[in-house]
Amino acid sequence: MKTFYHLLANSFIVTVANTFVWFALTFWVYLETQSVISTSIISGLFLVTTAVSSIWFGGVVDHHRKKSAMLVSTLATLIVFIASLVFYSLAPADAFKSVANPSLWLFLFLVLLGVIAGNIRNIAMPTMTTLLVKEKERDKANGLSGAVMGISFAISSVGSGLMLANYGMTGVLTLGITVSAIALIHLWFIPVNEKKIVHTEDKPKDLDIKGTIKIVAGIPGLFALIFFTTFNNFLGGVFMALMDAYGLSLVSLQVWGTLWGFLSMGFIVGGMYISKYGLGQNPLKTLFLVNIILWIDCMFFTAQPSIVLLTAGMIVYICLVPFVEAIEHTIIQKVVPPDRQGRVFGFAQSVESAASPVSSFAIGPIAQFIFIPFMTTGKGVELIGSWFGTGQGRGIALVFTLAGILGLTTTLIAMRTKSYSLLAKRYI
């Protein structure tokens, strides 16, 4: 457990660096271009890159020592962040003002690669939990991981907005580089007792996608769990694409960044609850209960243009998010052989991430050209404008409400299917 805590602390440091840079980048591109489409596109690019790379990253984790994979991941992030800072410093002052300028997208993609490189660690860490933590304690360990990530999220939320407002992207990238370098040095000195790498196949360098799919398909209900999370991520793409734009329509950048620091405490609360009490004997039952509350919450937290209502709703939402990830991790750690877990985690992340780009890419233009006009000059003003409100922010709010209705309906249907019943019995 001592080694686990050291690795968790190191993951905290890296997550601070990566989320700090990514949050600041999202704020920055919206403020530079004033385009909702630009934020939806970069969110979509992030998710597409995650989906494409995760299966390969899972193979990297399974075919190498976990610590070595984490070291390479951190080093790659550090190198790309340095390259991003050089590119930004050499670009003309007005190169990033227009979404039509190639320099903007080249810079965004370069920073994205640095953040995505950290995904190897996200796959390696739950396999480290399997290696270092006893089975009965893994749900609590996963909850603790969620709490620690919540702390890093809170720090990044507040820090990115304030750093961006005062020092620009130069300051953001400089801090990201510094923190990544510290994490790399710290990880180097953490001893991990992983004497050998166990392979079940004759060609360990192959990604073995067919074998991974066979393992997943051989466990009743595991595909169903992954697909359920995939659908949730499909709706989650809506939030990634539009939440910053909606929040910034209500408050300033400094207030929004600080508010996210407060909201991020929800990750800590949810993660600490799991670390103390676990997930219960039937984690799937907990998963469905959490989703019912989550989607009802999403139906109402933008019902009025109120930062107080948004804050209250987002606190509930964020407190529940750690449960979803901890449940999936705990189930996979128990029902999947350890030598396959990297690939299964990578496969799950790839499939689940593939859904969000669809909604993220699509929802920006849909909101910009359908829902926003609907609530500014269209029929929505007459139909619901008197109580729902009108304007750009209300068009975005309507998208959130509809996403909540769709998510609740899907959850109620899914919990009655046979697949989830079989997986629950397999876990118990």
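Chains are numbered independently. Their residues run from 1 in the order of the written sequence. Given that this is a predicted model, residues contribute local features only at a pLDDT of at least 70 and side-chain atom pairs are listed and counted only at 80 or more, while totals for whole chains, interfaces and linings are drawn from all residues. Only hydrogens and water are set aside when side-chain values are computed; all heavy atoms of the structure are taken into account.

K.L.:
Help me understand a nonpolar patch on the surface, please; the structure alone is not making it clear to me.
P.N.:
Together, Ile82, Val86 and Leu90 give the surface a local cluster of nonpolar side chains, amounting to about 300 Å² of exposed area. Structurally, Val86 can be placed in helix 3 (residues 66-90). Relative accessible area serves as the criterion here: at 46%, Val86 is assigned to the partly exposed category. A patch consists of residues exposed above 30% relative accessible area that lack any salt bridge, with like charges linked at up to 9 Å and nonpolar side chains (Val, Leu, Ile, Met, Phe, Trp, Tyr) linked at up to 5 Å. Residue exposure ignores everything except the shown protein chains as possible cover, and the areas themselves are Shrake-Rupley values with a 1.4 Å probe. The term salt bridge refers to a pairing of a side-chain nitrogen on Lys or Arg with a carboxyl oxygen on Asp or Glu at a separation within 4 Å. Starting at the N terminus, helices and strands are each numbered in turn, a helix being any DSSP run of H or I of at least four residues and a strand any DSSP run of E of at least two. For every residue, the accessible area obtained with a 1.4 Å probe (protein chains only) is divided by the maximum for its type, and the residue is called buried under 20%, exposed over 50%, and partly exposed between those limits.

K.L.:
What is the right way to read the pattern of salt bridges from this model?
P.N.:
Here the idea is simple: oppositely charged side chains can pair when their charged atoms come close. Evaluation of the coordinates by the stated rule reveals 2 salt bridges. Linking Asp62 and Arg343 is a salt bridge whose minimum nitrogen-to-oxygen distance equals 2.6 Å. Separated by 281 residues along the polypeptide, Asp62 in helix 2 (residues 36-63) and Arg343 in helix 13 (residues 341-374) bring together distant segments of the chain. As far as burial versus exposure is concerned, Asp62 and Arg343 are alike and both buried. Linking Glu135 and Lys334 is a salt bridge whose minimum nitrogen-to-oxygen distance equals 3.8 Å. Taken together, the positions of Glu135 in the loop between helix 5 (119-132) and helix 6 (138-188) and Lys334 in helix 12 (residues 307-335) put the pair 199 residues apart, joining distant regions of the chain. For Lys334, a relative accessible area of 34% puts it in the partly exposed group.

K.L.:
What is the right way to read the confidence of the model for the protein chain from this model?
P.N.:
Detailed reading of the predicted model is not advised wherever pLDDT is low. pLDDT gives the predictor's per-residue confidence on a scale running from 0 to 100. Overall, the prediction assigns the protein chain a mean pLDDT of 83, with 93% of residues at 70 or greater. When the elements of the protein chain are averaged for pLDDT, helix 17 (residues 418-427) gives the smallest value, 76, and helix 3 the largest, 92. Whether two residues touch is decided by their heavy atoms; if any such pair falls within 4.5 Å, the residues are in contact. A low-confidence stretch, residues 199-206 stays under pLDDT 50, and its non-local contacts, those more than four residues away or across chains, total 12 contacts.

K.L.:
How do you make sense of the packing of aromatic side chains when you look at a structure like this?
P.N.:
Each aromatic ring pair is specified by the distance between its two centres and by the angle formed by the two planes. Under the pairing criterion, centres of Phe, Tyr and Trp rings, with the six-membered ring standing for Trp, must be within 6.5 Å; the plane angle then separates stacked pairs below 30 degrees from edge-to-face pairs above 60, leaving the rest tilted. Enumeration according to the criterion identifies 17 aromatic pairs in this entry. Ring geometry for Phe223 and Phe347: centres 6.0 Å apart, planes at 75 degrees, overall edge-to-face. With Phe223 in helix 8 (residues 222-248) and Phe347 in helix 13, the pair connects residues that are 124 residues apart, well separated along the chain. On the basis of relative accessibility, which here comes to 22%, the residue Phe223 falls in the partly exposed class. By relative accessible area, which is 8% here, Phe347 ends up buried.

K.L.:
So what exactly am I meant to see when it comes to helix 11 (residues 283-300) here?
P.N.:
Note that an α-helix has 3.6 residues per turn; residues three or four places apart therefore point the same way. Helix span, expected: 1.5 Å multiplied by one less than the number of residues in the helix. Compared with the 26 Å implied by 1.5 Å per residue over 18 residues, the 26 Å span of helix 11 between its first and last C-alpha is a close match. Of the positions making up helix 11, those classed as buried are Pro283, Leu284, Leu287, Phe288, Val290, Asn291, Ile292, Leu294, Trp295, Asp297, Cys298 and Met299.

K.L.:
Please explain the packing of helix 11 against helix 16 (residues 392-414) as it appears in this structure.
P.N.:
Each packed pair of helices is defined by two parameters, the angle between the axes and the distance between the axes. Two numbers describe how helix 11 lies on helix 16: the axes approach to 7 Å, and their chain directions differ by 160 degrees. With respect to each other, helix 11 and helix 16 are oriented roughly antiparallel. Note on packing geometry: the crossing formed by helix 11 with helix 16 is left-handed. In this structure, helix 11 uses Phe288, Asn291, Ile292, Trp295, Ile296, Cys298 and Met299 to contact helix 16, whose residues at the interface are Phe400, Thr401, Ala403, Gly404, Ile405, Gly407, Leu408, Thr411, Leu412 and Ala414. Convention adopted: a line fitted to C-alpha atoms gives each axis, helices being fitted over their contacting stretch, and angles between N-to-C directions are expressed from 0 to 180 degrees. Each angle is binned into one of four classes, with values under 35 degrees roughly parallel, values over 145 roughly antiparallel, values of 65 to 115 roughly perpendicular, and all other values oblique. Two helices cross in a left-handed way if the nearer one is turned anticlockwise from the farther one by less than a right angle. They cross in a right-handed way if the turn is clockwise.

K.L.:
Before we go on, may I ask you to explain the packing of helix 1 (residues 2-33) against helix 3 in this structure?
P.N.:
Packing of helix 1 against helix 3 leaves a shortest axis separation of 12 Å and a crossing angle of 30 degrees. Compared by their axis directions, helix 1 and helix 3 come out roughly parallel. Handedness of the helix 1/helix 3 crossing: left-handed. From helix 1, Leu7, Ser11, Val14, Ala17, Asn18, Val21 and Trp28 reach across to helix 3, where they touch Met70, Thr74, Thr77, Phe81 and Tyr88. Polar here means any residue other than Ala, Val, Leu, Ile, Met, Phe, Trp, Tyr, Cys and Pro, which are nonpolar, and Asp, Glu, Lys and Arg, which are charged; Gly is therefore polar. Of the residues contributing to the contact of helix 1 with helix 3, the split by class is 8 nonpolar, 4 polar and no charged.

K.L.:
Would you explain the side chain of Lys66 in this entry?
P.N.:
By secondary structure assignment, the location of Lys66 is in helix 3. Lys66 has contacts with Val61, Ala124, Thr127, Met128 and Glu194, leaving out every residue within four places of it along the chain.

K.L.:
Hey, could you run me through the environment of Ala348 in this one?
P.N.:
With respect to the helices and strands, Ala348 occurs in helix 13. Each C-alpha atom of the pair Ala348 and Glu328 lies 9.4 Å from the other, and the pair is 20 residues apart in sequence. Once you skip the residues sitting within four places of it in the chain, Ala348 turns out to touch Ile226 and Glu328.

K.L.:
Would you explain the environment of Gly380 in this entry?
P.N.:
Structurally, Gly380 can be placed in helix 14 (residues 379-383). The exposure class assigned to Gly380 is buried, which follows from its relative accessible area of 0%. Separated by 14 residues in sequence, Gly380 and Arg394 place their C-alpha atoms 9.8 Å apart. Sequence-distant contacts of Gly380, that is, excluding residues within four places in its chain, are made with Phe374, Met375 and Gly385.

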